[in-house]
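For reference, the chains in residue letters:
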Amino acid sequence: MINAESFTYSQVSDDFGGLNFSPYLPLTLSYGNNSIETSGLLDTGVRYNVMPYQIGLQLGARWEQQNTVVQLAGNLANLPAYGLLITATIAKFPPVRLAFAWTRAENVPLILGQVNFFLEFDVCFFRSQKTFEIQPKKENR
Amino acid sequence: METSISTNQLLPTLQVLPRADKLRIVLFLISQLAQEEGIDSSSVTGNYLDWKLYDASSAANTLLNMLAEDKLNST
């Protein structure tokens, strides 16, 4: 991909003591006057972006002030979640607005899913080489 | 194999665990058995069995609506 940024897979340990390589993307999240540098797991199989509770707090979001309820599925379904709009900056690319399901759960990673991360960015995975490339979507196709 | 806790002691404890913890234990046991058999555990349990977010169209639609409103408000 022309003008793409390349990243390497991160080595992470799973719950069972094994080691896996996963595509974690470093990014800066901004909400109001607060910004944090973190990384999000790219997951094409997940329908939406998910933000764990702690990261929302670090960004200065107030749980009790949220009013857009989001009903999650799976084993996050029994926990409340709210929609949260965040500005995200990735590498040299212009900032984009990302919508997250901000869950009360703390034991999940920051997940970048179909809505709307993969609507904003094109990504190529090269798992065998443990790298991936990313670039903003092309506006006129 | 000698263990410090018997299965009979363990089972009642497992029984009262929350559903998510039970699922976590099932995945743990599957992973352990797979490792003992020399099988890649992720191929058995799947990486994301823990948080099945695949069929959650209402949440995705809610977020899309938020983005659309945000776009309107910023123009």
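Residues numbered from 1 in each chain as written. Chains lettered and ligands numbered in written order. Predicted model: local features only at pLDDT ≥ 70, side-chain atom pairs only at ≥ 80, totals over all residues.

Asker: Help me out: how do you make sense of the overall build of chain A in this one?
Answerer: When helices and strands are tallied, chain A shows two helices and eleven strands. Secondary structure of chain A in N-to-C order comes out as β-β-β-β-β-β-α-β-β-β-α-β-β. Computed over C-alpha atoms, the radius of gyration of chain A comes to 15 Å, within 12% of the 14 Å expected from 2.2 N^0.38 for 141 residues, which places it in the range of a compact globule. Seen through its principal axes, chain A has C-alpha atoms that stretch 45 × 40 × 25 Å. Restricting to contacts in chain A with at least 6 residues of sequence separation, those with at least 24 account for 59%. (Helix = DSSP H or I, 4+ residues; strand = E, 2+ residues; numbered from the N terminus. Rg over C-alpha atoms; globule rule 2.2 N^0.38 Å. Contact = placed C-beta atoms within 7 Å.)

Asker: Just checking my understanding: could you explain the sheet that holds strand E1 (residues 5-8) of chain A for this structure?
Answerer: Strand-to-strand pairing in sheets goes through backbone hydrogen bonds, with the strands running parallel or antiparallel. Residue and element names in this part refer to chain A. An order of E1-E11-E10 is seen for the three strands of this open sheet, with the pairing classed as antiparallel. Only two strands of the sheet have a single neighbouring strand rather than two, namely E1 and strand E10 (121-126). For this sheet, the mean angle separating the axes of adjacent strands, direction not counted, is 25 degrees. In this structure, E1 lies alongside strand E11 (residues 131-136), joined through four bridges in antiparallel fashion. By the bridge assignment for E11, Phe-7 is matched with Phe-132. (Pairing = 2+ DSSP bridges. Axes fitted to C-alpha atoms, helices over the stretch in contact; angles between N-to-C directions.)

Asker: How do you make sense of helix H4 (residues 57-74) of chain B when you look at a structure like this?
Answerer: What sets the pattern is the α-helix's 3.6 residues per turn: residues three or four places apart point alike. For H4 of chain B, which comprises 18 residues, the first-to-last C-alpha distance of 26 Å matches the rise-based estimate of 26 Å (1.5 Å per residue) to within 8%. Taken together, the buried positions of H4 of chain B are occupied by Ala-59, Ala-60, Thr-62, Leu-63 and Met-66 of chain B. Buried residues along H4 of chain B cover an arc of 160 degrees about the axis, so they all sit on one side. Away from the buried face of H4 of chain B by more than 90 degrees, exposed residues Ala-68, Glu-69, Lys-71 and Leu-72 of chain B are located. Buried positions along H4 of chain B lie against strand E7 (81-89) and strand E8 (96-103) of chain A. (Expected span 1.5 Å × (residues − 1). Buried ≥ 20, exposed ≤ 12 C-beta atoms within 10 Å, placed from the backbone. Arc of directions from axis to C-beta.)

Asker: Honestly, the nonpolar core in this entry has me stumped. Any pointers?
Answerer: Generally speaking, soluble globular proteins have nonpolar side chains that are buried together. Counting 40 residues, the largest nonpolar core has Leu-25, Tyr-48, Phe-100, Ala-101 and Trp-102 of chain A together with Leu-63 of chain B as its most contacted members. For this core, the elements supplying multiple residues, two or more each, are strand E4 (24-31), strand E5 (34-42), strand E6 (49-51), E7, E8, strand E9 (111-112) and E11 of chain A together with H4 of chain B. When sequence neighbours within four positions are dropped, the list of residues in contact with Leu-63 of chain B reads Tyr-48, Val-70, Gly-83, Ala-99, Ala-101, Val-115 and Asn-116 of chain A. (Core = buried A, V, L, I, M, F, W, Y, C linked by C-beta atoms within 7 Å.)

Asker: Explain the environment of Leu-79 of chain A to me, please; I cannot follow it from the model alone.
Answerer: All names here are of chain A. The topology assignment puts Leu-79 in the loop between helix H1 (53-58) and E7. Leu-79 sits in the partly exposed class, given 14 other C-beta atoms within 10 Å. The residues contacting Leu-79, other than those within four sequence positions of it, are Thr-103, Arg-104 and Ala-105.

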